[in-house]
Each structure stands twice: as C-alpha cells, then as structure tokens.
Amino acid sequence: MSDLVKLTIDDREVEVAKGTGLVETAAAAGIEIPVFCYEPRLGPAVGACRMCLVEVEGMPKLQAGCTLTAQDGMVVHTASTSARAAEGQKGTLEFILVNHPLDCPVCDKGGECPLQDLTFRYGPGSTRMTFPKLTFDKPIPVSPLIALDRERCILCYRCTRFSSDVAEDEQLIARNRGAYSMIATFGDEPYRAPFSGNVIELCPVGALTSTQYRFEARPWEIQDVPTVCGLCPAGCNIRATTREGLVKRVQSRNHPEVDGGWLCDKGRFTFPHLRSDDRVREPLVRGTVGLEPVSWDAALDRAEELLRGAQGKIVTALSGSETTEIAYGLGVLLRRGLGAHSAVLDESTSAALDACRAPLSTIGAAELVVVVGDDEVVDRAPIVDLWLRKARRAGAEIVTIGARGSVPAPVGGAAEALRDLAAADSELGGRLRASDRAILVWSGSGGGGGARLAEAAHALGFEGKPGCAVFHLPARANARGVAEAWAAAADADEADPEPIGLLVVSGDEAAGDPSVRALAERASTVIAITMFHSLAVGWADLVLPATASLEREGTAMNLEGRVQRLRRAVTPPVPDELAWLSKLAERFGVALSPHAAVVFEELSGRIYGGLLLEQLGEHAGLPARRPYEAPEPTPLAHSPEANVPEDHFVGTLRLLRYTPLFSGHQVERVPELQFQRPEREVALSTVDADRRGIATGDLVSLRSNGTSVELRARVDARLVEGVARLADEHAAHLHADVEVVKA
Amino acid sequence: MPFGTLKGFGVTLKHIFRQPITQQYPEYKRPVYPRFRGRHRLNRHENGLEKCVGCSLCAAACPSDCIRVVAAENTAEHRVSAGERYARIYEINLSRCIFCGYCELACPFDAITLGNEFELSEYSRDDLIYTKDMLLAEPIKRVPVQDSDLYDTPIPAYKSSS
C-alpha cells in the first residue's frame, strides 16, 4: 500500500498512514512523546516548547518530534532509548522550570497540570537554580473571566495560536522577546471574544485560569459529569465539574463531529445562573398581595383546579429549550389528559432537513459554503462559526447572503435568495450543484424552520452527495425535539382554543417572549413554569419552578438532527418537571413516568424508531439520512415568517433586530459575562450614515411611533442600505420602521 | 480439687503485696511520647498569618476522608495567609480520623501538625467536627509529654540539609 509508511520508533516497527505526525505515530506504537505546545487542533505544529525532542538517525541534532511527520524507513529514538534525547528533554524541562514559580499548592492547575505530570516523569528531582526567579505582577485579569499569571507561563503559544488561528480574533499576543516575552492582549484591552474561554483549557500550566473556578476546587475533590450544553442548538458536548453539589465550571468534551473540542463562552461561563438570587425555589400562587409561596401539595391542587377550570380551552407556549422528555410529558398531561392540543413554539421546525443531514464537521472539509439569512452565525450557533473559519482556512469559499453578507440581500430576503440559488440560471447555484463538498447554512429567522433550505438542497441535488449538507440554525436549543415530542404525545387534531381559558407557559424563553405575553393578555389564567422570579411576576396565577439544562436528565436534538443525552450534573433545588408532571398526570388518569429514561423509551418508540439510551453513549452518533419528503408547514409555529419589507416612508430605515450571543435570561444573571454583551449601538450602512451626516461614535436617536431610543452609531460598511441593525435588548418598543437622526 | 483452689488463692495473695500497675486515669495522666499523634493543630507564621494556603493536599492524602477544605482568595484588606489563597473553611471530622498523620506528611507548608492531645470525647458527634478556629487555637486540655531529648528522634537528614 502506497498510503502507508513503515518506520521504527524505539526499535519497534510501526506502520501508519502517510502524513501522520510523529507524536501520533509513536502513540500508535504505544510510545509516549511528551508535549506541551503540540495540539493538532491548533493547526501546524510550531515546536515551541522543545519537550518532544527525539533523536532521528541521519539527522545530526535532536529534532522536535511534534514537527515531524512519519517517513518511510525513518528510525527514531525517544528519550527512553536514546541518552542524548533524554538529556535534551531533561535540559528542556530544567530550562522551563528555571522561572516557573512552583506554587503548585496555590495554583488551580495543580493536580491536572501537564507540567507537573511531565516533570514528575521526565524531569530532574531537584533544581540547580539558586538565583531569584523572574517575577511579574499577578494575577492579571485578561478579562473578567480569565486571569493571567505570567510567572507560570512557559510560552508554548497555545493560547495565541488559538486566538489567531482558530477563533481568529487576534487578541492574545506575545509581547517582547526572550526571557521577558509575555502573553498579553493587544493594548491590554480585555479579551472580549465569543470563544475566549478555550484558552483556559488549552493552557498546559496554570498561567491562564478561570476567574469563576479560581480556588474553588482541586481535581481530587470534583466529579465531572458528561452532558450536553443546552444554550444553543449546536449541542456542544460538555463536562460539568461539580463539587459539593454545585457546578464549579464547564469544560468542553471533544465530540469531533459536533464541536471539535471547542466551546463558546456562553456555554462555558453561564452556569452561575443556577444559583441566581431570584431563582424560583418553591411554587408560587397569586394571592392578595402578589405571588405567595405555597406547598407543593397546594400548588398541585391549584394546578389541577386551573387545568379543570379551563375546560379544554388551553394553549401551551413551549420554549424549545425543554428536554424532549419534558415536552413529551407536557404533551401527555395536556393532550392525552385534557384534550388540550393547542401549542405555540417560537419557530417552526422541519424534518425534511434529515434528507441532507451530516455532521457539523462536514463544514470544515467543504470547498463552498453559502450562508443565507440576516443573523450572524456566531449569534445563533457559535460553534458553527468556528467550523466556517476552519473551512475558510482550508481554502473554502464562504459566501454570505443577507443584510450583512458578502452578497447583499434585503432584510428577510433569505428565502428568495435560496429560490434564486436553486434556479437553473444561477451561477452560484450551478457551482453548488457541481460541487461534492458544498454546504448551505440558514442563519436567521423564518424559512419554515429549515423547510425552504431543505427544498433548495433537494433542488440542488445534495441528497446523494455525502459531502454536501444543509444546516438550519434555530433560535432555541431543542426546538425540533420539543416539537416532535409534543406532536407524538397524542394523535388528535387541534381544536379552536378561543377564548383561551388557560395559558401554560413552559420555560424561560417562552416566558420572556413578547408574543407569549400578548397571548397571556387574552387568556383568563396563566400557569408559568419558570426558573426566575422576574419572569413570573405580574402575569402568572401559578408559578411552578423550572430546572436548568445542567440539572436535567433527558435527551435533546441538536441542529444536525442528532439525539444527545443530557445528564444531571447537580440536583436542582426543586423537584424536576417530570416529577410533578407525573403527579399531575395521575390526577387526570394518564400514565407518565417520573423518570426521564422511561419516558425516553416510550417516546423513542414513537419518534426515534426505538432508539435506546445506551445507543446514544457519551458521543452520540448521527443517524443516517432519510429520504426526502416535501416539507409541510408545522402547525406549532406562531411566529410570522420574516416579513418582506413593504414600501416605507422616505427617510425611515428598516429596523433589523438581532439576538446577540451574549443575551438571554441565563447570561443576564452572570455578572462576569456582562462585559461580553453588545454595546448600546446601532449599525448603519455607509450610505445611510453619510446621508444623515452620522459618523461612528455619534449619539443618534431612533424614533418610531412615538417611542425613541438613543444610542451610539456605528458605520458598518458591510450592511445593506436602508437598514438600522441593533440588538434586541436595545430595541425596546421600536417598530419596524425607524427614523434615525443625530441627537 | 481443694489443692487447685488453694493455688488460685495463692496467686491472689501474692498480688496483694505487689505494686499495682493500673494507672488512675484521669487523676494520673501517663505522659505520651513526643511524637504521639493526637488531635491536629493548624499553625501560624511568626507574623500571625496562617501557614495553610488551602491546597487540599491533606484532604487528598487522608485515607478516611475526614478533611474538608474550601479555599478563597486573599485580598489586600483581608489577608489571612501568605500566598494568594487561604482556607476559608477547614474542617476535620475527628470521629472519622484515624490519626495516621498522612495529612501532616502531605502538607507542603507544615501548616497542619498532629499534637499530643487525645482526650477528645464529646457527647455529640457534631461536636467532633473541628473547625478552623478550633484547630488554630491552643488546646485547653494539656497532656503531659515525655522528655523529648530522651524519646524523640533527631531531625532526619533530608529535613536539615536543605
């Protein structure tokens, strides 16, 4: 076989595929080449730490093993068989330790530190260094989330390589030369980027540490729970570190097909919302003076009373962040028990996407990626952004079609753009059709939950090509699982629920949704299932406490259509949803197990073809593609498709709201994350700004229909004309057309 | 067998005229050896700062899992120990402790040492959980200790040479 090369490492013959790195080759032969800076996910090796020194026959000097690839007939001696390599390695470690402070008992990395481990295995027993070590100020806050200890840094450049080569935010740099070289942010600005937390995990010593985890626990006092992040539809695999019943940190758990071992800061740092002050810890009933805490028995009595009193005129507002099991449990109680089949979900979902599904990692290998939609990919499913960057680095062409796209399109014009692509005369469409490695991504609202995307992919013939895939980025983490579970709970058709007797609001996203609030105005009673007081006050007759995804046992379906398993990292302060749902279901004569695993078994038979929990495992696989079926509109959605702009008044701009990555009820409750939230600013196109004499940084006033908002302007050269783009949380009550004037 | 009975009484009679070897605890307390491992103490530096930095190595070494350490960060206004970190909570559950002294061996700062006190009985198990304040304080009861010149071994070479 020409694809294999044969070489000898430490007198052991090993055969590997051509192009394999020497470190992996040695590992395949059962030999360790110790490394600090080597990390294949960061791109080509740099050989900065010199820990991997090996002797290669025919080469006069010791070589950095990590920079070599396996060659046919190569003879390599690692430190275990070559005295020269061993001496070189020992010397390297001695040099690394010359200025390393050895404050391991204080250091957060102590106990899980590669430098500790490798010094123990390969290093000298004592030091010859008698001079004072180099000292720096410490700890330096690189950002409110990351502390930098320059004394401990061994200058492996993993963090700066991540910053420049993976996340491409170019913020961490190495300043100065030689022994005084140090890691810093550019201009000492805070490291503000959506993926900054990954450098903590990459650091092989305790130089970059999490401020949230600072001095919280040692490695031998913790339990790591493998689970899945529930904050965006990507469903990155995570490990929740718990100590004494509290989540202390969240780390990535490499699923090569989903996240490639990276994790965004939202997934990594928002866990403190679990212990937020305004968490609902007991059921609340509206009494004479607002919400009053009651016992669980009284709460269930009240719930039964409200459910019976509505006489079937019940509407359920689902969040799409529930686990599939909770949605199914709600469906069993409300649909089977009460015949209340009406439900709303913020967006539609589509199973037609399954015809062209593929792992997210397919993006990384693509040659042509077309992203349609008005939202930035990083705001919707951040990890997809890293895959796109990886594809671009590998030479792929990324075309974005949208309000800020490389191909400008009017707001809400994504569906039309897709239709144009699928048309026979489209140049880009033709290239998509011809390519074996083409990807379509929908990043924005509307589009029938991916239905338009699936139609386009079908028209472009993506189904037969495994390298071609489509990805729809929904706004809610488990929208599809929730919609399918609700649909599977009963067969009956939706009856007209007007006038609404009872509105059941499930989850925080639904509770914070203005359209659900509008629905509540029309309902005579409201049951809210929510985690936070502020979302419950003022409108609910009964508040039942909710749990967070880190506290849930169950499954969720991510945007690829992959069913992944969530595990309970910590016991919630309240009984979980299934516990009281099953109690309530009993009162209405329907059977529902309080155990997520049992519920999964039941619903799996209905929607996942009898998939077993055991089959999901630690790293869930992606089921095979399903034959294409023309999508039909899902009955659940109530959100309008992104409406096409009508003719607006001269001088007004169309408001383009977007939901930033760092927003939402969880992020709001984490003080350290506030610096990541978007500035109070509105983006204007160059033309619109010039016409109004507005420059970046000017204070402008946005007016519509009697309300106005003042913020800073930013001139965005990428933005299409006629649009004012700002974050949802700053838009307040502005209407679709706004007048922009300099304040 | 009358002879056997008499023999037994003979033994009793012999012991009546001997010195008793029973020690009248608690009126008389037999001195313990200097390196006897009794209840723990947490030590301070001469300037009053605590030696413990809350590294939890004692908890890791403890075979009976009776030590709980929760660390926190020193601030300029509230400095407890010499380094960046100190033990905010330090508890030893002495009802579980087997006095093996591994914690003392594991401690990189000689912050925890085992004292000589062994009179630790309480009426409630909860009272046997010693908090940081209790461990830092000098013990109220004192136990007589044998002459250390006679019984303690000299400082080992590995400790005195560096």
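Up top you'll find the structure we're talking about.
Bear in mind the structure is a predicted one, so any value in this text is a computation, not a measurement.

Student: Can you walk me through helix H15 (residues 479-488) of chain A in this structure?
Tutor: Residue and element names in this part refer to chain A. Of all the ten residues making up H15, nine are buried; the element is thus mostly covered by neighbouring parts of the structure. Every buried residue of H15 is listed here: Ala479, Arg480, Gly481, Val482, Ala483, Glu484, Ala485, Trp486 and Ala488. Where the residues of H15 are buried, they touch strand E16 (314-318), helix H8 (324-337), strand E17 (342-345), strand E26 (554-557) and helix H20 (596-607).

Student: Sorry, what's going on with the interface of chain A and chain B here?
Tutor: Size of an interface, as often reported, equals the accessible area lost when the parts are brought together. Opposite the 15 residues of chain A that make contact, chain B presents 16 residues. Between chain A and chain B the total buried area reaches about 1,200 Å² when both faces are included, carbon and sulfur atoms providing 53% of it. The largest contributions to the chain A side of the interface with chain B come from Pro105, Phe215 and Trp220 of chain A, which together make up 45% of the buried area. Remark: the boundary between chain A and chain B carries six salt bridges. Here glutamate 73 of chain B and arginine 214 of chain A are joined by a salt bridge, their closest N and O atoms 2.8 Å apart. Of the residues belonging to the side of chain A that touches chain B, the class tally is five nonpolar, no polar and ten charged.

Student: Looking at this structure, how should I read the sheet that holds strand E29 (residues 681-684) of chain A?
Tutor: Strand pairing in a sheet is mediated by backbone hydrogen bonds. Such pairs are either parallel or antiparallel. Residues and elements named next belong to chain A. Strand order in the closed barrel formed by six strands is E28-E32-E29-E31-E30-E33, and the pairing between neighbours is mixed. This sheet shows a mean twist of 45° between the axes of neighbouring strands, independent of strand direction. Strand direction decides the pairing type here: strand E30 (residues 699-704) and strand E31 (residues 707-715), joined by six bridges, are antiparallel. Its bridge partner being in E31, valine 700 is matched across the sheet by leucine 711.

Student: Help me understand the environment of threonine 362 of chain A in this model?
Tutor: Residues and elements named next belong to chain A. Inspection of the secondary structure assignment puts threonine 362 in helix H9 (residues 361-364). The spatial distance from the C-alpha of threonine 362 to the C-alpha of alanine 27 is 26 Å, given a sequence separation of 335 residues. Excluding its chain neighbours within four sequence positions, the residues that come into contact with threonine 362 are Ile439, Pro466 and Gly467.

Student: I tried to follow the packing of aromatic side chains on my own but got confused; where do I start?
Tutor: The description of an aromatic ring pair uses the distance of the two centres, along with the angle that the planes make with each other. Taken as a whole and assessed by the stated rule, the structure comprises six aromatic pairs over all chains. Between tyrosine 25 of chain B and phenylalanine 118 of chain B the ring centres are 6.5 Å apart and the planes differ by 35°, which places this aromatic pair in the tilted class. With tyrosine 25 of chain B in the loop between helix H1 (2-16) and strand E1 (40-42) and phenylalanine 118 of chain B in the loop between strand E4 (112-114) and strand E5 (129-130), the pair connects residues that are 93 residues apart, well separated along the chain. Residue phenylalanine 118 of chain B is classed as partly exposed on the basis of its relative accessible area, which comes to 34%. Among the aromatic side chains, those forming a connected cluster through ring pairs are Tyr25, Phe36 and Phe118 of chain B. In this structure, arginine 517 of chain A is placed above the aromatic ring of tryptophan 539 of chain A, and the distance from its NZ or CZ to the ring centre is 4.1 Å. Just above the ring of phenylalanine 532 of chain A sits the side chain of arginine 669 of chain A; from NZ or CZ to the centre is 3.8 Å.

Student: For this particular structure, what's the right way to read the sheet that holds strand E6 (residues 140-143) of chain A?
Tutor: Residues and elements named next belong to chain A. Judged by pairing direction, the sheet is antiparallel, and its three strands sit side by side in the order E6-E7-E10 without closing on themselves. Edge positions in the sheet fall to E6 and strand E10 (208-210), since each of these pairs with one other strand and no more. The sheet shows a mean angle of 35° between the axes of neighbouring strands, direction not considered. One ladder, built from three bridges, connects strand E7 (residues 146-148) with E10; its direction is antiparallel. Paired with alanine 147 across the bridge in E10 is threonine 209.

Student: Would you mind showing me how to read helix H14 (residues 451-459) of chain A here?
Tutor: Turn by turn, an α-helix covers 3.6 residues, leaving residues three or four places apart pointing in a common direction. Residues and elements named next belong to chain A. Looking at H14, one finds that the buried residues are Ala451, Leu453, Ala454, Ala456 and Ala457. Those residues of H14 that are buried are in contact with helix H12 (414-422), strand E21 (438-443) and strand E22 (469-473). Positive phi appears at glycine 461, one or two residues downstream of H14, with a value of about 70°.

Student: Can you help me understand the state of the cysteines in this one?
Tutor: One way to say it: the disulfide is the covalent bond shared by the sulfur atoms of two cysteines. Scanning the entire structure with this criterion turns up zero disulfides over all chains. The thiol of cysteine 156 of chain A is unpaired, and the distance to the nearest cysteine sulfur, on cysteine 159 of chain A, comes to 6.2 Å. For cysteine 58 of chain B, which is in no disulfide, the shortest distance to another cysteine sulfur is to cysteine 55 of chain B and amounts to 6.2 Å. Taking relative accessible area as the criterion, cysteine 58 of chain B reaches 7% and is therefore assigned buried.

Student: Help me out: how do you make sense of the side chain of arginine 39 of chain B in this one?
Tutor: Structurally, arginine 39 of chain B can be placed in the loop between H1 and E1. Buried within the structure, arginine 39 of chain B lacks any salt-bridge partner; its nearest side chain of opposite charge belongs to glutamate 117 of chain B, at an N-O separation of 5.0 Å.

The rules behind these values
Residues numbered from 1 in each chain as written. Chains lettered and ligands numbered in written order. Predicted model: local features only at pLDDT ≥ 70, side-chain atom pairs only at ≥ 80, totals over all residues. Heavy atoms only, no water. Buried < 20%, exposed > 50% of the residue type's maximum accessible area, 1.4 Å probe, protein only. Helix = DSSP H or I, 4+ residues; strand = E, 2+ residues; numbered from the N terminus. Contact = heavy atoms within 4.5 Å. Buried area = accessible area lost by both parts, 1.4 Å probe. Salt bridge = Lys/Arg side-chain N within 4 Å of Asp/Glu carboxyl O. Nonpolar A, V, L, I, M, F, W, Y, C, P; charged D, E, K, R; others polar. Pairing = 2+ DSSP bridges. Axes fitted to C-alpha atoms, helices over the stretch in contact; angles between N-to-C directions. Phe/Tyr/Trp six-rings, centres within 6.5 Å; stacked < 30°, edge-to-face > 60°. Lys NZ or Arg CZ within 6 Å of the ring centre and 35° of its normal. Disulfide = S-S within 2.5 Å. Lys, Arg positive; Asp, Glu negative; His and termini not counted.

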